Amino acid sequence: MANIHPLAVVEDGAQIASTAEIGPFCFISSKAKIGENVKLIARVTVYGDTTIGEGTVVFPGACLGTGPQDHGNEFQEGAKLVIGKRNVIRENVTMHAGTPKGQNPIKGEEPQKLITIVGDDGMFMVNSHIAHDCVVGNNVIMTNNAVIGGHVRVGDGAILGGNCAVHQFCRIGRKAMIGGLSGVARDVIPFGIVT
């Protein structure tokens, strides 16, 4: 049986692996799926149809799977957030569910709708934000206060520096580096550097 603190609120229907740890003052929605060895330290909100992959650690104040900041789609039925394995999600990180508009497709690809996807082995530092309909690859690092707008795609191994902001519908190529305090308003090539 999962280790659930008595001061946590877990709605009926939530699927929580037996090795997961849910700390005090966490809120877990009825549609949430919490994987093996996931640790929610304290005061973590897991809202709606949110999946957190095995081995992920979530620090206090993180808010995962809430409705998008997209006017008229704040409470969309069927919206999802899927977070992969072994991520580190630090204090006050926000990751939003998708919208009916769907993701920014790669040429020849059909966009998925109502879902935001975060890959494996990422690190999302204090106050970073992943907006609705994003696709974030594996091994991505988002430094403190880095934010990406809706429909952004971030390639594997990309690093987003502190206080940077990526405009909606942009693509950040794999292994690209976005410098701190940078504003990104267009696509960035793989291995590119933006300052």
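A short tour of the structure in this document, coming up. The model shown is predicted, which means the values in this text are computed figures rather than measured ones.

Analysis parameters
Residues numbered from 1 in each chain as written. Predicted model: local features only at pLDDT ≥ 70, side-chain atom pairs only at ≥ 80, totals over all residues. Heavy atoms only, no water. Helix = DSSP H or I, 4+ residues; strand = E, 2+ residues; numbered from the N terminus. Rg over C-alpha atoms; globule rule 2.2 N^0.38 Å. Buried < 20%, exposed > 50% of the residue type's maximum accessible area, 1.4 Å probe, protein only. Contact = heavy atoms within 4.5 Å. Areas by Shrake-Rupley, 256 points an atom, 1.4 Å probe, with all protein chains shown as cover. Lys, Arg positive; Asp, Glu negative; His and termini not counted. Charge placed at Lys NZ, Arg CZ, Asp CG, Glu CD. Pairing = 2+ DSSP bridges. Salt bridge = Lys/Arg side-chain N within 4 Å of Asp/Glu carboxyl O. Phe/Tyr/Trp six-rings, centres within 6.5 Å; stacked < 30°, edge-to-face > 60°. Lys NZ or Arg CZ within 6 Å of the ring centre and 35° of its normal.

## Thoughts on the overall build of the protein
So, point 1. A count of helices and strands for the protein gives zero helices and 27 strands.
So, point 2. For the protein, whose C-alpha radius of gyration is 16 Å, the value lies close to the compact-globule estimate of 16 Å for 195 residues.
So, point 3. Considering only C-alpha atoms, the protein reaches an extent of 45 × 30 × 25 Å along its principal axes.
So, point 4. The burial tally for the protein puts 47% of its 195 residues in the buried class.
So, point 5. Once local pairs closer than 6 in sequence are excluded, the contacts in the protein between residues at least 24 apart make up 29%.
So, point 6. Put simply, the protein shows about 9100 Å² of open surface, and 55% of that area lies on carbon and sulfur atoms.
So, point 7. Positive and negative charge centroids in the protein, built from 16 and 17 side chains respectively, lie 7 Å apart.

## Some remarks on the environment of Thr116
So, point 1. When you line up the elements, Thr116 lands in strand S15 (residues 115-118).
So, point 2. Separated by 19 residues in the primary sequence, Thr116 and Ala97 place their C-alpha atoms 5.4 Å from one another.
So, point 3. Sequence-distant contacts of Thr116, defined by excluding residues within four places in its chain, comprise Lys80, Leu81, Val82, His96, Ala97, Gly98, Ile130, Ala131, His132, Asp133 and Cys134.

## Topic: the sheet that holds strand S18 (residues 135-136)
To summarise the sheet geometry, strands pair through backbone hydrogen bonds and adopt either a parallel or an antiparallel arrangement.
So, point 1. A sheet is described by the order of its strands in space; here eight strands give the open sequence S3-S6-S9-S12-S15-S18-S21-S24, paired in parallel fashion. Sheet topology places strand S3 (15-16) and strand S24 (171-172) at the edges, where each strand pairs with a single neighbour.
So, point 2. The sheet contact formed by S3 and strand S6 (residues 33-34) spans two bridges and is parallel. Within S6, the residue paired with Ile16 across the bridge is Ile34.

## Concerning the pattern of salt bridges
So, point 1. Applying the stated criterion across every chain, the model contains seven salt bridges.
So, point 2. For the salt bridge of Lys31 with Glu77, the shortest nitrogen-to-oxygen distance reads 3.2 Å. Residue Lys31 is located in the loop between strand S5 (27-28) and S6, and its partner Glu77 is located in the loop between strand S11 (63-66) and strand S12 (80-83); the two are separated by 46 residues in the primary sequence.
So, point 3. Among the salt bridges present, the one from Arg90 reaches Glu91, with a minimum N-O distance of 2.9 Å.
So, point 4. Note on Arg90: relative accessible area 26%, which makes it partly exposed.
So, point 5. Residue classification places Glu91 among the partly exposed residues on the basis of a relative accessible area of 22%.

## Some words on the packing of aromatic side chains
So, point 1. What the rule picks out here adds up to zero aromatic pairs.
So, point 2. Arg90 extends its terminal NZ or CZ atom over the ring of Phe59, reaching a point 3.8 Å from the ring centre.

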